[in-house]
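Descriptive analysis of the structure
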Amino acid sequence: MAGFEPQIIAFCCNWCTYAAADLAGTSRVQYPANVRIVRVMCSGMVNPIYVLKAFEGGADGVLIAGCHLTDCHYIDGPVKCDAAVDKLRKMLHVLGLEDERLRREMISTSEGVVFARVIKEMVEQLKKSGPSPLKVKMEALA
Amino acid sequence: MEEPRVGVFVCHCGINIGAYVKVPDLVEYAKKLPNVVHAERNLFTCSEEGISAIKKAIKEHNLNRVVVASCTPRTHEQLFRAACEEAGLNKYLFEFVNIRDQCSWVHMREPEKATEKAGDLIRMGIAKARLLEPLQEIEIKVTPAALVIGGGVVGMEAALNLARQDFDVHLVEKESELGGTLRSINKLFQTSEEAEKLIKTLVEQVKSHPKIYTHLSSKAKEVTGFIGNFDVNVDEKGEECKFNVGTIIVAIGAESLRPTGQYGYGKMTNVLTQLELEDHMKRGEPVGENIVMVNCVGARVPERTYCGRICCMTAIKNASLIKESNPKAKVWILHRDLMTYGVDFERYYRKAMELGVRFIRYSLERPPEVIGEGKVERIRVYHELWRREIELPCDMLVLTTPLIPAEDSQNISKMLKVSLDEFGFFLEAHLKLRPVEFAMDGVYVCGSARWPTDVTEGVSQAYAAAAKAAGPLRMGYVKAEAINASVNEVECTGCGLCELLCPFQAIELQLKRDRMVSHVNEAVCKGCGTCCAACRSGAITMHHFTDEQILAQVEALFG
Ligand SMILES: Cc1cc2nc3c(=O)[nH]c(=O)nc-3n(C[C@H](O)[C@H](O)[C@H](O)COP(=O)(O)OP(=O)(O)OC[C@H]3O[C@@H](n4cnc5c(N)ncnc54)[C@H](O)[C@@H]3O)c2cc1C
Ligand code: FES
C-alpha cells in the first residue's frame, strides 16, 4: 500500500511514557510523525471507550503505554490496564480489527529510545496491514 | 457553563520549535478553530515578555481558557498556571500542548509533517480546553502530633527525634517494657557495645521527655481518618485511650524465627537459636568447648527465599565473642554463602578468621546432619571444598535463623491500609524514591518492620521517617490533589467495584437516602482515574481528565 500513512493515537501515562516521549525529544531521537499523544494520569485510567472511539473515528492504530509494573505512581494501574486491554482485544476482534492495531507497552521515563522504536515498529507494521478495515467499512457506508 | 473564550499562545522557543515548525501558520490555523478568540506567537512564551503577553491577553480579550503550545507540562505547567492565576483565572483552565518534544525535536527532517502534527495537537488541546472546569485544592488542617507504633530501638529513636522537634508523640508498645529485640541481645556487632546500655540510655531519654506519652502493654486497636487527622483508639492495659494525630510511624520490628523440628531444635537440649545464645552469654553461662553454628536455617529455602541480611554478622559476632573469651574453644560456622556486605562487615569477617573461627560451606542439597540421642554429640557435614563428609564434635549447636514479620503485621496493615510484601514485611511506596513512606499519605515505616535491619540502618531509617512525618506537622496543613475523582450519587448503582479497585482506599460505599452509594474521600484520593475507567454506570468523574475531555481530544483528531 504505497503512500499510505497510518494514523496512530497514543494514550500515555503522565509519569512514565509521556516523560519517555519528552526524553526522545530532548535526545533528538527521530521517529515517524504518525502518532498523536493524549496525556492521561495513569495507564489504569484508560477507558476502553477511548480506544473504541478512536477506531470508530478512523484510527489505524492505538497505543496504550505507561509505567512498568512496579513503577506506577498509583501502585497497580498497569495491572488494571492489562486487564482492560485483554477485554478490548476481544471486542476489536468482533469488529474485525487485527491484533496489531492495539499495542500495549510499558515504557519508563528513561526509555525515550524505546518509545521511538515502538512508534517506528507500529508505523512499519500498519503500513503493511493497510488502513483500518473499520475505517474502510465506515467510509463505504457513508 | 459560560461560553469558552480560548486564547492560544504558540511558542517559537527560539529556534527549537521555530526552525522546524511553521509557527505563524499555526497561529493563523488556531484563530479559525471554534471558541478561539485570540491567538499569538511568542519568541519564548516562558520569558517575562511571554508571561505578560498571556496576562495581558486574558484581560484584554476576556479569556476564560488558555492554551500554550510549546514544550512540556513536566517542566513548564506550573509557570503558565501561575500566570493564569495572577491574571485572575483559575489555574486549571489552562491546557498545555507539546509541540517541541513531540514535534520539532523528533521530526527535524520533516518540517511539513511536524507542522501538520503540531496543528493536530493544538486542535486537540483546544478541544480539551473548551471543556476544562475550574478546580480548587482543598487544604486539610494537620494535628501537630504523631503516633509511633513499636517501642524498640527504632521506634524510640523516631519518637525522640519528633519530640525534639517539639511535637507531641504517642509511643505505643505492646510489651510492658520498651526496648524490643535488643533487650535480649548481649553485645552488638561490630563495636561489642552492650545492647542493654544502649537501650537503657534511650529508655531514660524517652521516659523523661515531656513531649512523649508512652503507652506500655498497649496496642492500637482502631485507626480511622487520613493524613492530618487520624483518630487513634488504643487499648492500654484493658482500658480505652483515644487521641488524634497528624502522622503515624510504624516501627513494630520483626521476630526471630523458631526453627521447630529442624536440627533437633525443641527436642535436643543443647540446640539454641542465636537469639537464645545471646541471652545465654549475657547471663555468663558456659557454652562448652566445641560450638557449631549453622547459618541460613529457614532462610534462602524454597518456602522462605529471602536472605535474613543480618544473620551472618550475628553468627560471626557470637563466634568471635566465644573465641575472644576462650581461645581454646573450637567454633565452626557452617554456611551456604557469607553475606558480609560493605567495608566494615568484611573486616569483621576477616577478624573472625584471624581469631580462629572456622568457616565451612555446605549446600542446600546436603545440609548438615545431627548425631546424638537427646543431645547433639556430633555434626556430620559434607565439606564442599574438600568434597567429602566430615564429623565435628559438638557441645552446643547454634541455629542462625532469619527475622520474620512481626505477628501483628497483618492486623496493622489492614488497620492503616498499608501494604505488605510477598513475605509479610511492610512495603514502602517506592523502593528508591520513597523508601520510608507508605503509599497511604501520612504513614511511614522504619526498622525491621520493613526488612531485617541492624541497629545502624534502623536508626537511620528512624530519622528519615521522623523527618518525613514532621513535614506535614510543621506545615500545619496539607493540600489535597485538586485533580481527583467525584461521584454522581444519582447515577451510582452502589455496585462497589470502585471501592474494590481504588489503590488508596479512598472510596467507600455509604448509606444515603436508603441506598448504598459510592463516596470519594477527597483528602485521600490521588486522582489516578482507575475508578472512573471501571465504573459501569459512568457515575464517576475524574476531574481535569474527564471522559468528555479525552473523547473531545480523540474526536478533534479524527473528526
Ligand atoms: C539474634 C539477633 C542478634 C542481633 N544482633 C545485632 C547486633 O549485634 N547489632 C545490630 O546492630 N543488630 C543486631 N540485631 C538486629 C536488631 O535486633 C534490630 O536491628 C533491631 O532490633 C531493630 O529494631 P526495631 O525497633 O526495628 O525492632 P524491634 O527491636 O523488633 O522492636 C519492635 C518493637 O515493637 C513492638 N511491637 C510489635 N508489635 C506491636 C504492636 N502491634 N503494637 C505495639 N508494639 C508492637 C515490639 O514489642 C518491640 O518492642 C540482632 C537481631 C537478632 C535477632
Ligand atoms: S502512573 Fe504510569 S501507569 Fe500508573
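Remember, it's a predicted structure, so these values are computed and weren't measured experimentally.

For sheets, the rule is that strands pair by backbone hydrogen bonds, running either parallel or antiparallel. Residues and elements named next belong to chain B. Strand order in the open sheet formed by three strands is β20-β21-β22, and the pairing between neighbours is antiparallel. Taken across any chain shown, the strands that pair with only one partner, and hence form the sheet edges, are β20 (369–371) and β22 (388–393). For this sheet the average axis-to-axis angle between neighbouring strands, irrespective of direction, equals 30°. As paired elements, strand β21 (residues 378–383) and β22 share six bridges and run antiparallel to each other.

All names here are of chain B. The end-to-end C-alpha separation of helix α10 (residues 342–355) is 20 Å, in line with the 20 Å expected for 14 residues at 1.5 Å each. Among the residues of α10, F345, Y348, Y349 and A352 are the ones counted as buried. Buried residues in α10, looked at end-on, bunch into an arc of 95°, giving them a common side. Facing away from the buried side of α10 by more than 90 degrees, the exposed set consists of V343, R347 and E354. Buried-residue contacts for α10 involve α9 (311–325) and β19 (358–361). One or two residues past the end of α10 sits G356, with phi positive at roughly 105°.

To continue, consider the packing of helix α6 (residues 153–164) of chain B against helix α7 (residues 195–208) of chain B. Residues and elements named next belong to chain B. At a minimum axis distance of 10 Å, the contact between α6 and α7 shows a crossing angle of 35°. Our pair here, α6 against α7, has a crossing hand that is left-handed. Between α6 and α7, the residues in contact are V153, M156, E157, L160 and R164 and L198, I199, L202, V203, Q205 and V206, respectively. Class assignment of the residues belonging to the contact of α6 with α7 gives a composition of eight nonpolar, one polar and two charged.

An α-helical segment advances 3.6 residues per turn. Residues three or four places apart therefore align on the same side. By the criterion of burial, helix α1 (residues 17–26) of chain A is predominantly enclosed, with eight of the ten residues buried. Remark: A:R28 follows α1(A) within two positions and exhibits a positive phi of approximately 55°.

One widely used convention gives an interface's size as the accessible area the parts lose upon coming together. Listed per partner, the contact involves 44 residues of chain A and 42 residues of chain B. When the area that chain A buries against chain B is broken down by residue, the three leading residues are A:Q30, A:R36 and A:R39, summing to 18%. Linking chain A to chain B there are five salt bridges. The salt bridge partner of A:R36 is B:D120, with a shortest N-O separation of 2.8 Å. Our count for the chain A to chain B interface comes out at 14 residue pairs in polar contact (both at pLDDT 80 or more). Of all the secondary structure elements, the ones that give two or more residues to the side of chain A that touches chain B are β1 (8–13), α1, β2 (35–40) and α2 (48–57) of chain A. Here the side of chain A that touches chain B takes seven residues from α1(A), the largest share from any one element.

A word on unusual backbone geometry. Geometrically, the link from B:F189 to B:Q190 is a cis peptide bond, its omega value of -15° lying close to zero. Within the secondary structure, B:Q190 is located in the loop between β8 (187–188) and β9 (193–194). Look at A:R28: it is not a glycine, yet its phi comes out positive at around 55°. Relative to the assigned elements, A:R28 resides in the loop between α1 and β2. Unusually for a residue other than glycine, B:N35 sits at a positive phi of about 70°.

Residues with a pLDDT of 70 or more make up 100% of chain B, whose mean pLDDT is 95. The ipTM, which scores confidence in the relative placement of chains, is 0.97 for this predicted complex, and the corresponding pTM is 0.77.

Residue and element names in this part refer to chain B. At a minimum axis distance of 10 Å, the contact between helix α1 (residues 23–31) and helix α5 (residues 111–129) shows a crossing angle of 35°. Along this stretch, α1 crosses α5, giving a crossing that reads as right-handed. On the side of α1, the interface is formed by L26, Y29 and A30, while α5 contributes T115, A118, G119, I122 and R123. Taken together, the residues of the contact of α1 with α5 break down into five nonpolar, two polar and one charged.

This part takes up the site of ligand 1. Residues and elements named next belong to chain B. What surrounds ligand 1 is a group of 37 residues, the closest being E173, F189, K317, T453 and V455. Backbone polar atom of V154 to an oxygen atom of ligand 1: 3.1 Å apart, as the coordinates give it. Relative to its unbound accessible surface of 990 Å², ligand 1 loses 96% to contact with the protein. Secondary-structure elements contributing two or more residues to the shell around ligand 1 are α6, β8, β11 (218–226), α8 (274–282) and α9. With three residues, the top contributor of residues to the shell around ligand 1 is α8. In terms of residue class, the shell around ligand 1 is made up of 16 nonpolar, twelve polar and nine charged. Inspection of the shell around ligand 1 shows a minimum of three residues originating in each of domain 2 (141–255 + 404–477) and domain 3 (258–401).

All names here are of chain B. Scanning the entire structure with this criterion turns up 16 aromatic pairs over all chains. Arranged with centres 5.5 Å apart and planes meeting at 50°, the rings of Y306 and W451 form a pair that is tilted. Of this pair, Y306 sits in the loop between β17 (290–294) and α9 while W451 sits in the loop between β25 (443–445) and α12 (455–475), placing them 145 residues apart in sequence. Note on W451: relative accessible area 24%, which makes it partly exposed. Taken together, the ring pairs in this structure connect F189, Y341, F345 and Y348 into an aromatic cluster.

Attention shifts here to the pairing of β19(B). Across four bridges, strand β18 (residues 330–335) of chain B lies against β19(B) in parallel orientation. What sits directly across from B:H335, in β19(B), is B:R361.

Before going further, it helps to spend a moment on the sheet that holds strand β10 (residues 212–215) of chain B. Residues and elements named next belong to chain B. Reading across from one edge, β10-β7-β6-β14-β25 is the order of the five strands in this open sheet, with parallel pairing throughout. The outermost strands of the open sheet, each flanked by one partner alone, are β10 and β25. The sheet shows a mean angle of 20° between the axes of neighbouring strands, direction not considered. Sheet topology places strand β6 (residues 145–149) next to strand β7 (residues 168–172); five bridges connect them, and they run parallel. What sits directly across from A145, in β7, is D168. Running at roughly 165° to β7, α6 makes contact with β6, β7, β10 and β14 (247–250) of the sheet.

Here is what the cut-offs are and how they apply
Residues numbered from 1 in each chain as written. Chains lettered and ligands numbered in written order. Predicted model: local features only at pLDDT ≥ 70, side-chain atom pairs only at ≥ 80, totals over all residues. Heavy atoms only, no water. Pairing = 2+ DSSP bridges. Helix = DSSP H or I, 4+ residues; strand = E, 2+ residues; numbered from the N terminus. Axes fitted to C-alpha atoms, helices over the stretch in contact; angles between N-to-C directions. Expected span 1.5 Å × (residues − 1). Buried < 20%, exposed > 50% of the residue type's maximum accessible area, 1.4 Å probe, protein only. Arc of directions from axis to C-beta. Contact = heavy atoms within 4.5 Å. Left-handed = near helix turned anticlockwise from the far one by under 90°. Nonpolar A, V, L, I, M, F, W, Y, C, P; charged D, E, K, R; others polar. Buried area = accessible area lost by both parts, 1.4 Å probe. Salt bridge = Lys/Arg side-chain N within 4 Å of Asp/Glu carboxyl O. Polar contact = N/O pair within 3.5 Å; in protein donor to acceptor, adjacent residues only side chain to side chain. pLDDT = per-residue confidence, 0-100. Near = heavy atom within 4 Å. Areas by Shrake-Rupley, 256 points an atom, 1.4 Å probe, with all protein chains shown as cover. Domains from an automatic or database assignment. Phe/Tyr/Trp six-rings, centres within 6.5 Å; stacked < 30°, edge-to-face > 60°.

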